[in-house]
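Fold and geometry: a report
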2 protein chains.
Amino acid sequence: MAKRVLKHAILGLLRKQDMSGYDITSEFTKEISQFWSAKHSQIYTELKKLLDEKLIEQYIEISGVKLEKKMYTLTEEGKKELAQWLMHPEQIPETEKDTFALKVYFIQYIPEEKILPLFQDQLDQREQKLSELKSRYQLIFAQREEEIGLGSDELGHYLVLTKAISREESYVDWLKKSIRFIRQKR
Amino acid sequence: MAKRVLKHAILGLLRKQDMSGYDITSEFTKEISQFWSAKHSQIYTELKKLLDEKLIEQYIEISGVKLEKKMYTLTEEGKKELAQWLMHPEQIPETEKDTFALKVYFIQYIPEEKILPLFQDQLDQREQKLSELKSRYQLIFAQREEEIGLGSDELGHYLVLTKAISREESYVDWLKKSIRFIRQKR
DNA sequence: TTGTACATGTAATTCGTTACATGATTAT
DNA sequence: ATAATCATGTAACGAATTACATGTACAA
């Protein structure tokens, strides 16, 4: 049986407030996009399935003159399903796919003069991303970590942002260490 | 156009030595499984495609009395394709899927008494994995990092193993920090 | 002889992306 | 007016897993 992660991601987003497919799509460009995302085509398809399963219900909201926004709301069943999923422990995956690391595994087949540029390019991209994440952290949470309550809707945001920062810091550290290691070999 | 990562992973594995589909499948249970893997069904299918594309060639090896092992070898075209792929810089992905982090984003909907057990379960699993990775590192590379040559087939292995260790250490650190953060809130 | 590992494949299904397709709203 | 954003959908394709299916080799 499949894991249906997107299903539960959508239920989770709808738990906070009713949303349209479009709204859900744009949530997946925000913080949570660091750890899950989907294209609108997959989202609209999944919403139909969730309606079938009676985990969500649809109602129409008129925007402007005649644009019909399809809003979705969790049913009691949907809330229960989400709660069950959230409480169930996750097995950590054996594989966390990373194309750059895969290439590094084959490093002996990369011409020597191309190796450091490849690492440097990754490092630039990862440092860029890390600096964006840190800016967001500064903007939203710096000097007010104490204010974040256990049941607040900020806690989840805070924790995944610190997770993303930690992940990118670790990536940057490894890249720098590897660059030093390789340089020292030449 | 699609990225065809598995295609290049297989070419990379065959670059070192000829292998059967079964051999390739078992490579994906070793070190590289930290960063890429595939089931045998997908591998046999991909091998057929690579034959069609003339990037690999097949020959038969007899094992025992009559078991025909289908061995694959890179063509010149295949070597070129691999070299091109390896030299081409990778865009870092905007999303690195992580189901546990997704759940954490929805932490406000997890009953308070279930939160720490969920984090503790993740921590146990990650620490277990980290300790296995460190054992492998000790066994294979400890006290002989200087011996690893730039063109050697150990370098790739060394770098991905240190990458995996770095990733897991970062995960463990974040889990511990988060547990402290949450505990301090109660 | 019997179980485990070796060995190869296809079918069905699900998950995910890209491309195709259309139309309304809003800010410039 | 017109461009950007809002808004919803389907079709085609590709990537990946699970299930189905079969047979050999080898060691205990």
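Residues numbered from 1 in each chain as written. Chains lettered and ligands numbered in written order. Predicted model: local features only at pLDDT ≥ 70, side-chain atom pairs only at ≥ 80, totals over all residues. Heavy atoms only, no water.

1. With respect to the overall build of chain A
Our working rule: Working definition: helices are DSSP H or I runs of at least four residues, strands are E runs of at least two. Numbering for both runs from the N terminus. Only C-alpha atoms enter the radius of gyration, while the globule expectation follows 2.2 Å times N to the 0.38, with N the number of residues. Only protein chains enter the accessibility calculation, which uses a 1.4 Å probe; a residue whose area is less than 20% of its type maximum is buried, one above 50% is exposed, and one in between is partly exposed. What makes two residues a contact is simply this: any of their non-hydrogen atoms within 4.5 Å. Using a 1.4 Å probe, the Shrake-Rupley method yields the accessible areas, and only the shown protein chains count as cover for residues.
Looking only at helices and strands, chain A has seven helices and three strands in total. What you see in chain A, going N to C, is helices and strands ordered as α-β-α-α-β-β-α-α-α-α. Relative to the 2.2 N^0.38 estimate, which gives 16 Å for 186 residues, the radius of gyration of chain A is 21 Å and therefore markedly larger than a compact globule would have. Principal-axis analysis of the C-alpha atoms gives chain A an extent of 65 × 40 × 40 Å. Per-residue burial for chain A yields a buried fraction of 52% across its 186 residues. Nonlocal contacts in chain A, meaning residues at least 24 apart in sequence, comprise 60% of its contacts between residues at least 6 apart. When the accessible surface of chain A is totalled, it reaches about 9,800 Å², and 50% of it is carbon and sulfur.

2. Considering the interface of chain A and chain B
Note the cut-off: In this description, buried area is defined as the sum, over both parts, of the accessible area (probe of 1.4 Å) that is lost when the two are combined. Salt bridges are counted wherever a side-chain nitrogen of Lys or Arg sits within 4 Å of a carboxyl oxygen of Asp or Glu. Here a polar contact means two N or O atoms within 3.5 Å. Within protein one must be a hydrogen donor candidate and the other an acceptor candidate, and residues neighboring in sequence count only if both atoms are side-chain atoms. Each residue is assigned to one class: nonpolar for Ala, Val, Leu, Ile, Met, Phe, Trp, Tyr, Cys and Pro, charged for Asp, Glu, Lys and Arg, and polar for all the others, Gly among them.
Taken residue by residue, the interface counts 78 residues in chain A and 78 residues in chain B. Here chain A meets chain B over a buried area of about 7,500 Å², counting both sides, of which 65% is carbon and sulfur. When residues of chain A are sorted by the area they lose upon contact with chain B, Tyr105(A), Tyr109(A) and Leu150(A) head the list and together hold 10% of the total. Taken together, the connections running from chain A to chain B amount to six salt bridges. Two residues, Glu96(A) and Arg126(B), come together in a salt bridge whose shortest N-O distance is 2.9 Å. Applying the counting rule to chain A against chain B returns 35 residue pairs in polar contact (both at pLDDT 80 or more). Within the residue set of the side of chain A that touches chain B, elements represented by two or more residues are α1 (5–16), α4 (76–87), α5 (99–105), α6 (112–140) and α7 (154–185) of chain A. Ranked by residues supplied to the side of chain A that touches chain B, first place goes to α7(A) with 18 residues. Class assignment for the residues of the side of chain A that touches chain B results in 34 nonpolar, 20 polar and 24 charged.

3. Focus: the sheet that holds strand β1 (residues 19–20) of chain A
Each strand in a sheet pairs with its neighbour through backbone hydrogen bonds, running either in the same direction (parallel) or in the opposite one (antiparallel). Residues and elements named next belong to chain A. Quick note on the threshold: Any two strands between which DSSP finds at least two bridges are classified as paired. Fitting a line to C-alpha atoms yields each axis, with helices limited to the stretch in contact; the angle taken between N-to-C directions then spans 0 to 180 degrees.
The three strands are arranged β1-β3-β2 in an open sheet whose pairing can be described as antiparallel. In this open sheet, the two strands that pair with only one neighbour each are β1 and β2 (56–63). For β1 and strand β3 (residues 67–74), the ladder comprises two bridges, and the chain directions are antiparallel. Across the sheet, residue Ser20 finds its bridge partner in β3, namely Met71. The strands touched by helix α3 (residues 40–52) within the sheet are β2 and β3, with β2 carrying the most contacts at an inclination of about 125°.

4. Here we look at the pairing of strand β3 (residues 67–74) of chain B
Residues and elements named next belong to chain B. Relative to β3, strand β2 (residues 56–63) runs antiparallel, the two being bridged by eight bridges. Along β3, the bridge assignment pairs Glu57 with Thr73. Turn length for the β2-β3 hairpin, with the two strands adjacent in sequence and antiparallel, is three residues, and the turn residue Gly64 shows positive phi of about 60°.

5. Here we look at the relation of the copies chain A and chain B
Filter applied, for reference: The copies were overlaid by least squares, fitting only the C-alpha atoms of residues that reach a pLDDT of 70 or more in each copy.
When chain A is fitted onto chain B, the two copies agree to an RMSD of 0.1 Å after a turn of 180° and an axial shift of 0.0 Å. Each copy turns onto its partner about a two-fold axis. Relative to the rotation axis, the C-alpha of Ser170(A) is the closest in chain A, positioned 3.0 Å from it. The share of interface residues of chain A whose copies in chain B are also at the interface is 100%, consistent with both copies meeting through the same surface.

6. Some remarks on the protein's contact with DNA strand D
Keep this limit in mind: We call a residue near a given molecule or strand whenever any one of its heavy atoms falls within 4 Å of it.
If you check the shell around DNA strand D, you find 26 residues, and the closest are Tyr22(A), Lys70(A), Ser41(B), Val65(B) and Lys66(B). Sugar and phosphate atoms represent 70% of those atoms of DNA strand D found within 4 Å of the protein. Separating a phosphate oxygen of DNA strand D from a side-chain N or O atom of Lys69(A) is a distance of 3.4 Å. Lys97(A) places a side-chain nitrogen or oxygen 3.2 Å from a phosphate oxygen of DNA strand D. Counting only elements with at least two residues in the surface near DNA strand D, the list comes to α2 (21–27), α3 and β3 of chain A together with α3 (40–52) of chain B. Split into classes, the residues belonging to the surface near DNA strand D amount to eight nonpolar, nine polar and nine charged.

7. Some words on the environment of Leu11(B)
Residues and elements named next belong to chain B. If you trace the backbone, Leu11 turns up in helix α1 (residues 5–16). A residue is classified by how much of its surface remains accessible, and Leu11, at 0% relative accessible area, is buried. Here the alpha-carbon distance between Leu11 and Thr75, two residues 64 residues apart in the chain, equals 9.8 Å. When residues no more than four places from it in sequence are discounted, the contact partners of Leu11 are Leu50, Leu55, Ile56, Leu74, Gly78, Glu81 and Leu82.

8. Let's talk about the protein's contact with DNA strand C
In the vicinity of DNA strand C lie 25 residues, with Ser41(A), Val65(A), Lys66(A), His40(B) and Lys70(B) positioned nearest. Expressed as a percentage, the sugar and phosphate content of the atoms of DNA strand C within 4 Å of the protein is 70%. In this structure, a base oxygen belonging to DNA strand C sits 2.8 Å away from a side-chain N or O atom of His40(B). A distance of 3.1 Å separates a phosphate oxygen of DNA strand C from a polar side-chain atom of Lys97(B). Taken together, the elements giving at least two residues each to the surface near DNA strand C come down to α3 of chain A together with α2 (21–27), α3 and β3 of chain B.

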